[in-house]
Amino acid sequence: MKKMICSQLGGACEQEFFAETFEDMAALSQAHGKEMFAQQDENHLKFQKKMMEVMKDPSEMKLWMESKRELFDSLPDLK
């Protein structure tokens, strides 16, 4: 089990997420982003706008995802 916070995943806050795999962590982050979008949270909307720009370029998106996966992999397992 590893812990990441929203800002480590490209977001705007210190919400904590706990997951066994990077894929699960990404899903938690995405669900949080959708929740913040539904609430029209201004800080998250700014970061989501930036993310939309990254997503327009598949190679840039791949590099972004790889960097987040590397960060996840570098984190210690929680006991």
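Criteria and cut-off values
Residues numbered from 1 in each chain as written. Predicted model: local features only at pLDDT ≥ 70, side-chain atom pairs only at ≥ 80, totals over all residues. Heavy atoms only, no water. 1 Å grid on protein atoms, 1.4 Å probe; cavity = no way out; pocket = protein on both sides within 12 Å on 5 of 7 lines; lining within 4 Å. Points joined across faces, edges and corners; volume = space filled by probe spheres on them. Helix = DSSP H or I, 4+ residues; strand = E, 2+ residues; numbered from the N terminus. Nonpolar A, V, L, I, M, F, W, Y, C, P; charged D, E, K, R; others polar. Axes fitted to C-alpha atoms, helices over the stretch in contact; angles between N-to-C directions. Parallel < 35°, antiparallel > 145°, perpendicular 65-115°, else oblique. Contact = heavy atoms within 4.5 Å. Salt bridge = Lys/Arg side-chain N within 4 Å of Asp/Glu carboxyl O. Core = buried A, V, L, I, M, F, W, Y, C linked by side-chain atoms within 4.5 Å. Buried < 20%, exposed > 50% of the residue type's maximum accessible area, 1.4 Å probe, protein only.

Q: Teacher, can you tell me more about the layout of surface pockets here?
A: Sizing a probe to match a water molecule and rolling it over the atoms shows the empty space that remains. Looking at the largest pocket, its volume works out to about 630 Å³. If you trace the largest pocket, you find 23 residues lining it, with Ser-29, Gln-30, Gly-33, Gln-48 and Met-51 closest to the centre. Those elements giving two or more residues to the lining of the largest pocket turn out to be α1 (22–38), α2 (42–55) and α3 (58–74). Counting residues per element, the lining of the largest pocket draws most heavily on α1, which supplies 8 residues. Split by residue class, the lining of the largest pocket holds 13 nonpolar, 8 polar and 2 charged.

Q: How should I be thinking about the packing of α2 against α3 in this particular structure?
A: It is at 7 Å that the axes of α2 and α3 come closest, and there the two elements cross at 120 degrees. One finds that α2 runs oblique with respect to α3. Contacts from Met-51, Val-54 and Met-55 in α2 reach Glu-60, Met-61 and Trp-64 in α3. Here the contact of α2 with α3 is built from residues that sort into 5 nonpolar, no polar and 1 charged.

Q: Would you take a moment to explain the pattern of salt bridges for this structure?
A: Pairs may arise between side chains of opposite charge once their charged atoms sit close together. All told, the structure shown has 3 salt bridges when counted by the stated rule. One salt bridge in this structure joins Glu-16 and Lys-3, with 3.3 Å as the shortest N-O distance. With a gap of 13 residues between them, Glu-16 in strand β2 (residues 16–19) and Lys-3 in strand β1 (residues 2–5) connect regions that are remote in the sequence. The residue Glu-23 makes a salt bridge to Arg-69 at a minimum N-O spacing of 2.8 Å.

Q: I tried to follow the nonpolar core on my own but got confused; where do I start?
A: As a rule of thumb, nonpolar side chains are buried together in soluble globular proteins. Among the nonpolar cores identified, the biggest contains 10 residues, and these are Met-4, Cys-6, Leu-9, Cys-13, Phe-17, Ala-19, Phe-22, Met-25, Phe-72 and Leu-75. Contributions of two or more residues to this core are made by β2 and α1. Sequence-distant contacts of Phe-17, that is, excluding residues within four places in its chain, are made with Lys-2, Lys-3, Met-4, Ile-5, Cys-6, Leu-9, Met-25, Leu-28, Ser-29 and His-32.

Q: Would you mind going over the environment of Leu-75 with me for this structure?
A: Relative to the elements of secondary structure, Leu-75 occurs in the segment after α3. A relative accessible area of 16% means that Leu-75 is categorised as buried. Residues Leu-75 and Gln-48 lie 27 residues apart in sequence; the distance between their C-alpha atoms is 24 Å. Leu-75 has contacts with Lys-2, Lys-3, Met-4 and Gln-8, leaving out every residue within four places of it along the chain.

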